[in-house]
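The primary structure of each chain is shown beneath.
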Amino acid sequence: MSITVDTTQLSEALSQLEGARAWPAGLIEQLGELIREGTDEAVFQINPVSYATTRGHTPELGIELFLHAARAGLMQIDWSLRCCGCGELVANRGGLAQLDRDFYCDSCARSSAANLDENVEIAFTVVPSIRALRFHAPDSLSHEDYFFRFRFSRDIVIRGLDKTLTSFLREQVLVLTWLEPNSEQVFELDIPEEGWVVGHPRTMITTFGAPTTEVRELTLDYRDRAFEPRPELAPGPVRLTLRNSTQARVRVLKYFTPIVTYFDYLPHLNGRRLLNNPEFRRCLGTEVVRPGTGIPVKDCTLLFTDLRGSTAMYDLIGDNAAFELVTESFESMAQIVTRCGGVVVKTMGDAIMASFNHPADGVRAGLQIILNDHGELQPKVGLHRGSCIVVNQNDMVDYFGQTVNIAARVQNEAAGNELCLTEAIWEDVREDQAVAASLTEFGELHRELRALKGVTEAVPLYRVRVR
Ligand SMILES: [Zn+2]
């Protein structure tokens, strides 16, 4: 298939990307070459992490490259909702604002609640105005392209088989067709062993027992978003009639699986990691959740700071001078947060709230914030991690929930120049020798149980007196 590229627009976008920051030699040229000459698959839903690591770069560089490419108008960000039950990419969304709390999976025929960690897979596709791809028009794709390249996640490996989900589907396929409205088709199948015939839309034939040579007649009827009934039969030949009783054309995949499949996910960019990416928040951070739609995140590390001595300082040197000092402190804290791979969610008076992808990053930031010189001011820092809900607060991404409340209260427990962390943080970072050592350098950590306002159970925490 011939490749059509708008070379003028491509060069403009590439030079904008080139000028965005200093890049490793050849990185931008390589991307340009891929867009000009690569296959459609190679420039469709690019995984920024594997793109970078297979070329000898860090995942962070890959994420930054593609975020800048999106900003330069070269790439679009695909927010795919992924079903963890079957690996299907349920929907491709243009942005955070188009995500819903719940999603429906056709292969599983059920609705599930989405979370940013497990269900939102972020990839990058070249924009249609620079290069048209057949994947830009999914309805016109062949069945192979649709199911094995477009509809199921390419970042899943089947545990124990050492093969990707899409290559497994390709090997195990029994039926691949369109079913026209109010029509039926017959398929001669031979099911060799015990297992399940499943697929898209939802199908469930269980095969078990001794194989037979007798040809069985079986009719499955598609209505109400799934094939019924869900029969059990012995392995062997089946004459399968598929009937579509709806008014819509249905694309059908049926495959046989002899095992219960467990998925391992290849390194990729998920929604949580993207929201905690400083570059995303800087370049494209106007992305917000649709008002009234809180999207859960399963594991987020939150850092709160406050400044001890600021009230007295306002008294002593007056509002203007104090404001200047507090602003300076904020700026240095924000730089530390960004350097440690986190983002400042918001500032509240003399306090900062920041979020991180990993607890270790939060701890590093907390320590550096206190070790930094703030003059008369003494930072008080608290860290906690857990699930929360990403919400829209005054058109900004914000977090909501008990994890947020506890993180704020833990900060409140800290004295000046002290870092307080909950057990949830310590349990994670103690495995990281460098981070654990940087904490214990200030003395042995002692577990204490504290009753926090608004929290029923006492919260185990550790305090580190840094200065
Ligand atoms: Zn599913």
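Residues numbered from 1 in each chain as written. Predicted model: local features only at pLDDT ≥ 70, side-chain atom pairs only at ≥ 80, totals over all residues. Heavy atoms only, no water.

J.: Provide a residue-level description of the sheet that holds strand 16 (residues 250-257), including the pertinent values.
T.: Spatial strand order, 8-16-10-11-14: five strands in an open sheet with mixed pairing. Lying at the two open borders of the sheet, with one neighbouring strand each, are strand 8 (173-179) and strand 14 (232-233). Sheet analysis places strand 8 next to strand 16, joined by six bridges and oriented antiparallel. Of the residues in strand 16, the one forming a bridge with Trp178 is Arg251. Set on the sheet, helix 6 (residues 165-172) makes contact with strand 8 and strand 16; between it and strand 16 the angle comes to about 90°. (Pairing = 2+ DSSP bridges. Helix = DSSP H or I, 4+ residues; strand = E, 2+ residues; numbered from the N terminus. Contact = heavy atoms within 4.5 Å. Axes fitted to C-alpha atoms, helices over the stretch in contact; angles between N-to-C directions.)

J.: How would you explain the packing of aromatic side chains if you had to name every residue and give the values?
T.: A full pass over the atoms with the stated rule returns ten aromatic pairs. On the numbers, 5.3 Å between centres and 50° between planes, the contact of Tyr222 with Phe227 is tilted. The class of Tyr222 is buried, set by a relative accessible area of 11%. With a relative accessible area of 0%, Phe227 lands in the buried category. In this structure an aromatic cluster arises from ring pairing among Phe44, Phe135, Tyr146, Phe147 and Phe150. (Phe/Tyr/Trp six-rings, centres within 6.5 Å; stacked < 30°, edge-to-face > 60°. Buried < 20%, exposed > 50% of the residue type's maximum accessible area, 1.4 Å probe, protein only.)

J.: Give me a nonpolar patch on the surface: which residues, what numbers.
T.: The grouping of Leu316, Ile317 and Leu325 at the surface amounts to a nonpolar patch, some 300 Å² of accessible area in total. Here Leu325 shows up in helix 9 (residues 310-339). Since its relative accessible area comes to 36%, Leu325 is described here as partly exposed. (Patch = residues over 30% accessible without salt bridge, like charges linked within 9 Å, V, L, I, M, F, W, Y side chains within 5 Å. Areas by Shrake-Rupley, 256 points an atom, 1.4 Å probe, with all protein chains shown as cover. Salt bridge = Lys/Arg side-chain N within 4 Å of Asp/Glu carboxyl O.)

J.: Any details on the coordination of the zinc ion? Residues and values, ideally.
T.: Within the first shell, the zinc ion binds the protein through Cys83 (SG), Cys86 (SG), Cys105 (SG) and Cys108 (SG), at distances of 2.3 Å. Around the zinc ion, the four donor atoms sit at angles spanning 99 to 117°, and that spread fits a shape best called tetrahedral. Taken in sequence order, the residues that donate to the zinc ion follow the motif C-x2-C-x18-C-x2-C. Taken together, the residues span a long stretch of sequence, with Cys83 in the loop between strand 1 (75-82) and strand 2 (89-93) and Cys108 in the loop between strand 3 (102-105) and strand 4 (110-113) at a distance of 25 residues. (Donors = N, O, S within 2.8 Å, 3.2 Å for Na, K, Ca; no water. Tetrahedral: all angles 85-135°; square planar, octahedral: opposite > 155°, others 65-115°.)

J.: Lay out the state of the cysteines in plain terms, naming residues and giving numbers.
T.: Counted according to the given criterion, the structure contains zero disulfides. With no disulfide partner, Cys300 has as its closest neighbouring cysteine sulfur the one in Cys388, 4.8 Å distant. (Disulfide = S-S within 2.5 Å.)

J.: Summarise the sheet that holds strand 2; cite the residues concerned and give the values.
T.: Strand order in the open sheet made by the four strands is 2-1-5-18, with antiparallel pairing throughout. What marks the edges here is a single partner per strand, and that holds for strand 2 and strand 18 (269-270). Bridge count for strand 1 against strand 2 is four bridges, and the pairing is antiparallel. Within the sheet, the bridge partner assigned to Ser80 lies in strand 2 and is Asn92.

J.: Tell me about the domain arrangement of the chain, and name the residues and values.
T.: Entries for the chain in the domain assignment read domain 1 (7-101 + 113-150), domain 2 (166-265) and domain 3 (290-465). Spacing between the C-alpha centres of domain 2 and domain 3 amounts to 53 Å. (Domains from an automatic or database assignment.)

J.: So what's going on with the nonpolar core? Which residues, and what values?
T.: Membership of the largest hydrophobic core comes to 81 residues, with the highest contact counts inside it found for Leu74, Met75 and Tyr399. Looking at this core element by element, the count peaks at seven residues for helix 4 (residues 59-71). Leave out the neighbours within four places in its chain, and Met75 touches Leu31, Ile35, Ile46, Phe66, Ala69, Ala70, Phe124, Thr125, Val126 and Val127. Within the second largest apolar cluster, 34 residues are counted, among which are Ala322, Val326, Cys340 and Ile370. (Core = buried A, V, L, I, M, F, W, Y, C linked by side-chain atoms within 4.5 Å.)

J.: How would you sum up the environment of His268? Please name residues and give values.
T.: Relative to the helices and strands, His268 resides in the loop between strand 17 (263-265) and strand 18. Judged by its relative accessible area of 12%, His268 is buried. Along the sequence, His268 and Pro48 sit 220 residues apart, while their C-alpha atoms lie 7.1 Å from each other. When neighbours within four sequence positions are excluded, His268 is seen to be in contact with Asn47, Val49, Arg82, Glu121, Asp155 and Arg273. A polar contact of 3.4 Å, which involves the side chain of His268, links it to the side chain of Arg82. One polar contact links the side chain of His268 to the main-chain carbonyl oxygen of Leu266, over a distance of 2.8 Å. (Polar contact = N/O pair within 3.5 Å; in protein donor to acceptor, adjacent residues only side chain to side chain.)

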